[in-house]
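Each chain, written out:
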Amino acid sequence: MINFENITLRVQQQTLLDGTSLHLAPGDKLVVRGPSGCGKSSLLKCVIGMFPIAGGSVHVDGMELSANHIPQIRGRIAYIGQEPVLGAESVREALLLPFTFKAHHGNQPDEKEIFQTLERLHLPSSILSKPSKRISGGEKQRVAIARALLLGKNIFLADETTSALDPGSKAAVMAELFRPETTLLSVSHDPDWIDACNRIVEIRHADLQETGKGDGHDG
Amino acid sequence: MTVDLSIPSLLWMYALMLVPLGIFLYLRLGVARALLIGMARMSVQLVLVGLYLKYIFQLNNPAVSLLWVAVMLVVANLAVLSKAGIRRGVFFWRSLAAVAGSTLFVSGWFILVAIRPEPLYDARYMVPIVGMVLGNCLRGNVLSLERFYSGIRQNENEFTTYLMLGATLREAIRPYLRRALKAAVNPSIATMATMGIVSLPGMMTGQILGGALPMEAIKYQISIMICIFTAMVAASLANILLSLPVAFDDHQRLREDIFS
């Protein structure tokens, strides 16, 4: 599903990862841990071509991350950061934004589908008419996830997604992202999140090391 | 014909500069030196242009006039890139194509379709019209390029979000392109809307001082305003679109090394 082969990531002179490999199978729920600045977020961003790879290769669904495949790869993955950007005036416009692009023309969801998706994420339908800037951080995250679900995405890159959520919202988000059919590559310090993952990988000395639960050291 | 300004008369005009200079010194604005340098440069440059133009008009040779136009285009292009804060080495040819293409098309339209002088390449029309169109669309080009790239740079997360939602590069840049073009054209639209009431435009004033009838001068003024506006919009859009292939890498990331 997502394969990192001998990848090297660098920031200026610092080597974050040095020729290391990692393979995610469909349905894997993997959390990456490690001290601040060790390259966790960069690892997530490199999957979608937003962080340059200094060496090695990344494959998603058998497609190598390259100029030719980048649009298809981005089309299959949802990236949910700590502060998602909705990129439109109102919440309704934000949800429908992707369907204004050629890649998703004609696939616009109907009202019923939108309401059901919002409900699954514990969001009231009245939020649709609210300005994107006026909703809380937790609501923004759930709207971003709702948008990804409406696009039918099932590979999620989640960077500290639950850090600003109340317990109710967190449960709703986790219920969606931890469905059996989704593949999840994440960064989190949240014990509940880490518990829910079936794989834990730690960045140590510029290497990715798979650890058992309760074996990691976060910064 | 205009009353010729004698050298003593011109010196009296320079004397008027003592007013702003005195204010700057009194308020210690720290711009007096810059003002003097600016004044000196303006004077020398205009004297040189006066001399060049005298010979260019006397020669009235299309090759010489075109060479002068080419010099103006190159200098204008360098000024656009430098003020927009992006690297000349990366964008020079693309920006030159946008600025030259738009300016020459619009000026050519004005001269060949509307004025039709005898001969068509008359330097008295070609050089000042190209110069005026070019000079006035510079600001629009600087604004649009600067706003476009700084907009994407400051909203990197938003831009990335568009790409992640399936937008092509052209689709993802559209909000920034819109904002950049608006910033470029808004001042010109405001100027046009108040022209004749709030301000008497330079070209028209010059022609009237030169002895032209006001109605004749107005027709030229309207035409030149249309030329300037059209060239500015076309050049601003072309400049941004032509710059895209070198400003983004093959993963649609904005290259940091394009900024100067």
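Residues numbered from 1 in each chain as written. Chains lettered and ligands numbered in written order. Predicted model: local features only at pLDDT ≥ 70, side-chain atom pairs only at ≥ 80, totals over all residues. Heavy atoms only, no water.

J.: Describe in detail the overall build of chain A, supporting the description with residues and values.
T.: Counting its regular elements, chain A contains 7 helices and 10 strands. Against the globule reference of 17 Å for 219 residues, chain A gives a C-alpha radius of gyration of 17 Å, in line with a compact fold. Viewed in the frame of its principal axes, chain A has a C-alpha envelope of about 50 × 40 × 30 Å. Per-residue burial for chain A yields a buried fraction of 53% across its 219 residues. Partitioning the contacts of chain A with sequence separation of at least 6, the portion at a separation of at least 24 is 65%. On chain A, roughly 9700 Å² of surface is accessible, and the fraction owed to carbon and sulfur atoms is 47%. One way to put it: in chain A the 23 positive side-chain charges average out to a point 5 Å from where the 26 negative ones average out. (Helix = DSSP H or I, 4+ residues; strand = E, 2+ residues; numbered from the N terminus. Rg over C-alpha atoms; globule rule 2.2 N^0.38 Å. Buried < 20%, exposed > 50% of the residue type's maximum accessible area, 1.4 Å probe, protein only. Contact = heavy atoms within 4.5 Å. Areas by Shrake-Rupley, 256 points an atom, 1.4 Å probe, with all protein chains shown as cover. Lys, Arg positive; Asp, Glu negative; His and termini not counted. Charge placed at Lys NZ, Arg CZ, Asp CG, Glu CD.)

J.: A description of the packing of helix α9 (residues 202–209) of chain B against helix α10 (residues 214–247) of chain B should follow, citing residues and the corresponding values.
T.: All names here are of chain B. The N-to-C vectors of α9 and α10 enclose an angle of 155 degrees; their axes lie 9 Å apart at closest approach. The orientation of α9 relative to α10 falls into the category roughly antiparallel. At the point where α9 passes α10, the crossing takes the right-handed sense. Of the residues in α10, those in contact with Met203, Met204, Gln207 and Ile208 of α9 are Pro214, Glu216, Ala217, Ile218, Tyr220, Gln221 and Ile224. Of the residues belonging to the contact of α9 with α10, the class tally is 8 nonpolar, 2 polar and 1 charged. (Axes fitted to C-alpha atoms, helices over the stretch in contact; angles between N-to-C directions. Parallel < 35°, antiparallel > 145°, perpendicular 65-115°, else oblique. Left-handed = near helix turned anticlockwise from the far one by under 90°. Nonpolar A, V, L, I, M, F, W, Y, C, P; charged D, E, K, R; others polar.)

J.: An account of the nonpolar core is needed here, citing residue identities and associated values.
T.: Residues Phe4(A), Phe148(B), Tyr149(B) and Phe248(B) are the most contacted members of the largest nonpolar core, which totals 130 residues. The element best represented in this core is helix α6 (residues 123–154) of chain B, accounting for 13 residues. (Core = buried A, V, L, I, M, F, W, Y, C linked by side-chain atoms within 4.5 Å.)

J.: A description of the pattern of salt bridges should follow, citing residues and the corresponding values.
T.: Residues and elements named next belong to chain A. For the structure shown, the criterion picks out 14 salt bridges over all chains. Aspartate 192 serves as the salt-bridge partner of lysine 170, at 2.7 Å between the closest nitrogen and oxygen. Placement of the pair is lysine 170 in helix α6 (residues 167–177) and aspartate 192 in helix α7 (residues 191–196), with a sequence separation of 22 residues. Under the relative-accessibility criterion, aspartate 192 is labelled partly exposed at 44%. (Salt bridge = Lys/Arg side-chain N within 4 Å of Asp/Glu carboxyl O.)

J.: Please provide a residue-by-residue account of the sheet that holds strand β6 (residues 77–80) of chain A, values included.
T.: All names here are of chain A. Across the sheet, 6 strands lie side by side as β6-β7-β8-β3-β9-β10; this open sheet has mixed pairing. Since the sheet does not close on itself, it has two edges, and those belong to β6 and β10 (207–211), each with one partner. Across the sheet, the axes of successive neighbouring strands diverge by a mean angle of 20 degrees, strand direction being ignored. As defined by bridge partners, strand β7 (residues 155–159) adjoins strand β8 (residues 183–187) across 5 bridges and the pair is classed as parallel. Note on β8: the bridge partner recorded for isoleucine 155 is threonine 183. Packing against the sheet, helix α1 (residues 40–47) makes contact with β3 (29–33), β6, β7, β8, β9 (199–204) and β10, and its axis sits at approximately 145 degrees to β8. (Pairing = 2+ DSSP bridges.)

J.: Account for the pairing of strand β1 (residues 2–11) of chain A, naming residues and giving values.
T.: Residue and element names in this part refer to chain A. Of the strand pairs in this sheet, β1 and strand β2 (residues 14–24) are connected by 7 bridges, and their pairing is antiparallel. Looking at β2, one finds that asparagine 3 is bridged to histidine 23. Here β1 runs beside strand β4 (residues 55–60); their pairing, made up of 5 bridges, is antiparallel. Residue pairing across strands places isoleucine 2 opposite valine 60, the latter belonging to β4.

J.: Describe the packing of helix α4 (residues 62–84) of chain B against α6(B), with residues and values.
T.: Residues and elements named next belong to chain B. In contact at an axis separation of 9 Å, α4 and α6 are set at 15 degrees when each is read in the N-to-C sense. Taken together, the axis directions place α4 and α6 in an arrangement best described as roughly parallel. For the element pair α4 and α6, the recorded crossing hand is right-handed. Mapping the contact onto sequence places Ser65, Leu66, Trp68, Val69, Met72, Leu73, Ala76, Val80, Leu81, Lys83 and Ala84 in α4 and Ala123, Met126, Val127, Val130, Gly131, Leu134, Leu138, Asn141, Val142, Leu145 and Glu146 in α6. In terms of residue class, the contact of α4 with α6 is made up of 17 nonpolar, 3 polar and 2 charged.

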